[in-house]
Amino acid sequence: MNELAVRFEREQSPNIVFATWVKDLQAMCEIDFAATMMQRGQGIVYLKHGQEAAVAPAPSPAPAAPNAPRKITLKRVAKYGIRQTARVSQRLSDKLEQRAKMFTMSSYKQVEFVKGDVLFIPWGEWWDPNFIQKLKDWNKAGTHLVPLIHDIGPMVVPQFSGHSTESLTDYTRNIVPISAMTLAVSQNTKKDLTTWLKEQKLPVPRIEVFRLGEDFEFSAATKPVDPLFTNSGLKGHDYIMCMGTVELKKNHMLLYYAYKLAKQRGLKLPKLLIVGRRGWKTETFLELIAEDPETNKDMLALHDISDEELAWLYGHCMFTVLPSVYEGWGIPIAESLAWGVPCACSNTSSMTEIGEGIVEHFSPYSTEECLAAIERWLDPKALRAAVERTKQYKQTSWDDSYKQVKNYLEQL
């Protein structure tokens, strides 16, 4: 979303509007994208009635006007009053806080859709039934809906996808069939979506596939400072890496069993770095690799890695491995190849679409195949050959990805 959005913003076109769903108002409200990005992580900057978005980063703030401190003071007094009321009546305090919130939001600039507008939805609040209903209303009034579908994993492999199956199914059932066009990030996602719609006896809209980019910007590669890494004794080119959210569908347990099997056979494997934020239902796995005396020195999980640290890790690893059961695309595979790092991954879903003839594949259900793929590249000659093959990979930039999306939208 970020990579596409910043490129839409660079167009500086009055015809491009950035908006986000505000549940309390049940409306799409315009935001100042440039200002929001300048204070990223500190909240969204909403446009107010009659206000236009900045077309360039705002200058440094001017000295405060004489009456500015009073505005700040009044806000503080209001917040203080709500806090004090909570000591007497929590219900009254909640009511006052909601009123204050609604008063602030009443000034937001709501999007007024007109016939022929195109609403591109790279994510959307698909778990909110009110959002779904509004999309249907806007579509009926002549707005062209273009949802982006990354994957329908929660509907295809619900056992690996948390608690979003019902809400994503509802969104897909109601919105995709009425879309002017649906964008998918892989041929496999298009296939899964088309098959599901036909099984449900729903109309299949125009579905176009575009290629995600894999280049990302960072200031400078930096060696990780996580104590787990610094105390591991790793110096570079002496470890393999599994990148991606640590969640059930990534199938990290297969790597655990592969390492256990290697121990049983007396085979020494390089240390494995599992890099990614904590996801759904992985507490048991993380405890397992940390407490098992046979693996706790060979398998390390790093959760809070910056882009700069990730760049260092890619630049210094032997190869990467991704044993995922299901992917909408498989960014870690493409990213690894873009860095010139060989990748061994599963032979399911979209993962066979990336780097055909370059990537090493194995079954995500076979410990033997997974271990064999890792063991193959322990031979320096085989690894050098894999590195040479990886150099043939043609990288896709986010500029290329954006051009594909923009071209599809302009066709409407």
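Residues numbered from 1 in each chain as written. Predicted model: local features only at pLDDT ≥ 70, side-chain atom pairs only at ≥ 80, totals over all residues. Heavy atoms only, no water.

### Notes on the pattern of salt bridges
Opposite charge on two side chains permits pairing when their charged atoms draw close. A complete count under the given rule lists 14 salt bridges for this structure. Where Glu208 meets Arg206, a salt bridge forms, and the shortest distance between an N and an O atom there is 2.8 Å. Across the salt bridge formed by Lys391 and Glu388, the nearest N and O atoms sit 3.0 Å from each other. Put simply, Glu3, Arg7 and Asp399 are held in one network by salt bridges that share partners. (Salt bridge = Lys/Arg side-chain N within 4 Å of Asp/Glu carboxyl O.)

### What to know about a nonpolar patch on the surface
On the surface, Met1, Trp123 and Trp127 cluster together to form a nonpolar patch covering roughly 360 Å² of accessible area. Along the chain, Trp123 turns up in the loop between strand S3 (118–121) and helix H5 (129–140). (Patch = residues over 30% accessible without salt bridge, like charges linked within 9 Å, V, L, I, M, F, W, Y side chains within 5 Å. Areas by Shrake-Rupley, 256 points an atom, 1.4 Å probe, with all protein chains shown as cover. Helix = DSSP H or I, 4+ residues; strand = E, 2+ residues; numbered from the N terminus.)

### Here's the deal with the packing of H5 against helix H7 (residues 165–175)
The N-to-C vectors of H5 and H7 enclose an angle of 5 degrees; their axes lie 10 Å apart at closest approach. Judged by the inter-axis angle, H5 sits roughly parallel to H7. From H5, Phe131, Ile132, Leu135 and Lys136 reach across to H7, where they touch Asp170, Tyr171, Asn174 and Ile175. Tallied by class, residues from the contact of H5 with H7 come to five nonpolar, one polar and two charged. (Axes fitted to C-alpha atoms, helices over the stretch in contact; angles between N-to-C directions. Parallel < 35°, antiparallel > 145°, perpendicular 65-115°, else oblique. Contact = heavy atoms within 4.5 Å. Nonpolar A, V, L, I, M, F, W, Y, C, P; charged D, E, K, R; others polar.)

### Re the environment of Phe18
Structurally, the position occupied by Phe18 is in the loop between helix H1 (2–10) and strand S1 (19–22). Distance from Phe18 to Glu30, taken between C-alpha atoms, is 5.7 Å for residues twelve residues apart in sequence. Excluding anything up to four places from it in sequence, Phe18 contacts Ala5, Phe8, Glu9, Cys29, Glu30, Ile31 and Phe33.

### Some details on the nonpolar core
Among the nonpolar cores identified, the biggest contains 67 residues, and Phe120, Leu183, Leu272 and Ile333 are the most heavily contacted of them. When residues of this core are assigned to their parent elements, the largest contribution, seven residues, is made by helix H10 (residues 252–264). Beyond its immediate sequence surroundings of up to four residues, Leu183 is in contact with Phe120, Val146, Pro147, Leu148, Ile149, Glu208, Phe210, Val405 and Tyr408. Of all hydrophobic cores here, the second largest spans 26 residues; its members include Met28, Ile132, Ile152 and Tyr326. (Core = buried A, V, L, I, M, F, W, Y, C linked by side-chain atoms within 4.5 Å. Buried < 20%, exposed > 50% of the residue type's maximum accessible area, 1.4 Å probe, protein only.)

Nothing here speaks to function; it is all geometry.
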